[in-house]
Amino acid sequence: PGGNQPWSQTASLKQPMGGTLRGVIERLDHIASFDFNAIWLSPIFKSPSHHGYDTSDYTRIEPRLGNEADLRELIDQAHARRMRVILDFVANHTSSQHQSLRAALSDRDNPYREWYNWSRWPHYRTFFNVRNMPQLNLSYGSPARTYLLQVARQWLEFGVDGYRLDYAHGPEPDFWVDFRRTCAETNPDCWTFGEIISTAEVQASFAGGMHGTLDFLTCQAFRESIARRASPLSKLAAYLEVSSQAFPPDFSRPVFIDNHDMNRFLFTAGGDERLLEVAITLLYLLPQPVIVYAGTEIALNQPRSIYQDGAIGFDESRVPMVWSDQNRLRKHRKLFQELSQLRDRYHSFTGARWQCLLVDDQKQLALWQILVGGQPVLHLAVNLSDVTQTITHPGSDTGKAEITLESHACLIFKANF
């Protein structure tokens, strides 16, 4: 969450950096100015860690982030700006400091033993062998399952609008069916989407348990073809034409180009802001909800790769926002506002289909037309090469047309140009 503490090369990203719910409230106008209509907060429940993905109490807010009054004000002020607030919900595991695990370890016969999965008491199963993240037993009828459903209901009644479901393929799939039912009964407008890093087939299998899943497949395709330029544009074009066919029509697939568990797109693109703008433009033309990782809207970079020797892992991409460069803020805000207005004009491109008219892998050129309701409404030309090039449009109202594109750039134009 927000805050004003500047990034310092001497500060430790594995320690809290000063962000609070109050900091998010202070920056709501910034968020609204980019035409974002929802905020997904990183975990805010009580936790001993800096990242919060090991909850020690689901019913309390981590004191260093604020309190219930702060969350109440954040929700009210966000709603007043027509923005929704989504919480990060970790159901697969708790913190080893959660009172239920402490009780379960105190006595072999303690009822809280049923809350967790054990290899053999007192040895509990964990999230990826991380000792301080014990895995919950969420099988049907388990007390931990009942408890988490109560917690989900509690915060929806408080006023939050939905949940991002961390490591959603950890708990039993039928748990999410109960979870979604509980959420719908509490707030019919609640939106849930899961983190499931797997094949389209596996993601689609969760259709009954959540409204959708984060679209890691499109994220990977964009990063490989645009940021790294390691995968040909023809492969990206083929993917975009068929990617939606593996999912039910009403299955939501929020799309993104980076998040808190990977190198930022800009870093992967070698710091080239032009490639970032190309990716963001394509992102906004897709028929899916768009998620922007905090800082990507102002082209925030990171000091080194999460994979570099001596790196501290995912935290390398979690640097705090830079608020001081107002020129940068204004420059990038304009792009997001224009793209948001375009999505509004075409109703978020719901049901849109991408059709590739031209692709040249050698020249790194591509031309798409975007159809809504079966009718072409826009064309998109992309040049990922290092030189200015001309694309010959295969057909227009006046015959062939020449489109000149600078290097690492794209151009949107109407279908009936």
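Here the structure is a predicted model, which means the values were calculated and not measured.

Q: Which parts of the structure should I look at to understand the nonpolar core?
A: Soluble globular proteins: nonpolar side chains tend toward being buried together. Formed by 101 residues in total, the largest nonpolar core has its most connected members in Phe89, Trp155, Tyr163, Phe179, Phe222, Ile226 and Trp368. The element best represented in this core is helix α5 (residues 143–158), accounting for 9 residues. Excluding anything up to four places from it in sequence, tryptophan 368 contacts Leu233, Leu236, Ala237, Leu240, Trp354, Gln355, Cys356, Leu357, Leu378, His379, Leu380 and Val382. Formed by 8 residues, the second largest nonpolar core is a distinct cluster that contains Ile86, Phe193, Phe256 and Met262.

Q: How should the sheet that holds strand β12 (residues 353–360) be read in this particular structure?
A: Across the sheet, which stays open at both edges, the 4 strands sit in the order β12-β13-β14-β17 with antiparallel pairing between neighbours. Edge positions in the open sheet fall to β12 and β17 (409–414), since each of these has one partner strand only. Within this sheet the neighbouring strands show an average axis-to-axis angle of 20°, counted without direction. As defined by bridge partners, β12 adjoins strand β13 (residues 365–372) across 7 bridges and the pair is classed as antiparallel. The partner of valine 359 across the bridge, within β13, is alanine 366.

Q: I tried to follow the sheet that holds strand β4 (residues 84–90) on my own but got confused; where do I start?
A: Pairing between the strands of a sheet comes from backbone hydrogen bonds, and it takes one of two forms, parallel or antiparallel. With parallel pairing, 5 strands are arranged side by side in an open sheet as β1-β4-β9-β10-β11. In this open sheet, the two edge strands, each paired with only one partner strand, are β1 (38–41) and β11 (212–213). Along the sheet, helix α6 (residues 173–186) makes contact with β4, β9 (162–166) and β10 (191–194), crossing β9 at roughly 165°.

Q: Mind showing me how you'd approach the side chain of arginine 253 here?
A: Structurally, arginine 253 is set in the loop between α9 (233–242) and α10 (265–268). At a separation of 3.1 Å, a polar atom in the side chain of arginine 253 contacts the side chain of aspartate 215.

Q: Sorry, what's going on with the pattern of salt bridges here?
A: Close approach of charged atoms lets side chains of opposite charge pair. All told, the structure shown has 23 salt bridges when counted by the stated rule. Put simply, arginine 228 and glutamate 224 hold a salt bridge, and the shortest N to O gap is 2.6 Å. Here arginine 228 falls in the partly exposed class, since its relative accessible area comes to 46%. Between arginine 328 and glutamate 273 there is a salt bridge; the shortest N-O distance is 2.6 Å. Linking arginine 328 in helix α12 (residues 326–345) with glutamate 273 in helix α11 (residues 273–284), this pair joins segments that are 55 residues apart in sequence. Owing to a relative accessible area of 19%, glutamate 273 belongs among the buried residues under this scheme. The structure contains a network of salt bridges with shared partners spanning Lys14, Asp261, Asp315 and Arg318.

Q: Is there a simple way to explain the packing of aromatic side chains in this structure?
A: Geometrically, a pair of aromatic rings is defined through the distance of the ring centres and the angle of the planes. For the coordinates displayed, the defined rule picks out 28 aromatic pairs. Relative to phenylalanine 179, the ring of tryptophan 176 has its centre 5.2 Å away and its plane inclined at 75°; by these criteria the two rings are edge-to-face. Highlighted residues: tryptophan 176 and phenylalanine 179, both in helix α6, separated by 3 residues, approximately one helical turn. Assigned by exposure class, tryptophan 176 and phenylalanine 179 land together as buried. For the ring pair tyrosine 346 and phenylalanine 349, a centre distance of 5.5 Å and an interplane angle of 25° mean the geometry is stacked. You can call tyrosine 346 buried: its relative accessible area is 17%. By way of ring pairs, the aromatic residues Phe45, Tyr58, Phe89, Tyr112, Trp115, Tyr147, Trp155, Phe158, Tyr163, Phe175, Trp176 and Phe179 are connected into one cluster. Above the ring of tryptophan 323, the side-chain terminus of arginine 27 is found at 3.9 Å from the ring centroid.

What counts and what doesn't
- Residues numbered from 1 in each chain as written.
- Predicted model: local features only at pLDDT ≥ 70, side-chain atom pairs only at ≥ 80, totals over all residues.
- Heavy atoms only, no water.
- Core = buried A, V, L, I, M, F, W, Y, C linked by side-chain atoms within 4.5 Å.
- Buried < 20%, exposed > 50% of the residue type's maximum accessible area, 1.4 Å probe, protein only.
- Helix = DSSP H or I, 4+ residues; strand = E, 2+ residues; numbered from the N terminus.
- Contact = heavy atoms within 4.5 Å.
- Pairing = 2+ DSSP bridges.
- Axes fitted to C-alpha atoms, helices over the stretch in contact; angles between N-to-C directions.
- Polar contact = N/O pair within 3.5 Å; in protein donor to acceptor, adjacent residues only side chain to side chain.
- Salt bridge = Lys/Arg side-chain N within 4 Å of Asp/Glu carboxyl O.
- Phe/Tyr/Trp six-rings, centres within 6.5 Å; stacked < 30°, edge-to-face > 60°.
- Lys NZ or Arg CZ within 6 Å of the ring centre and 35° of its normal.

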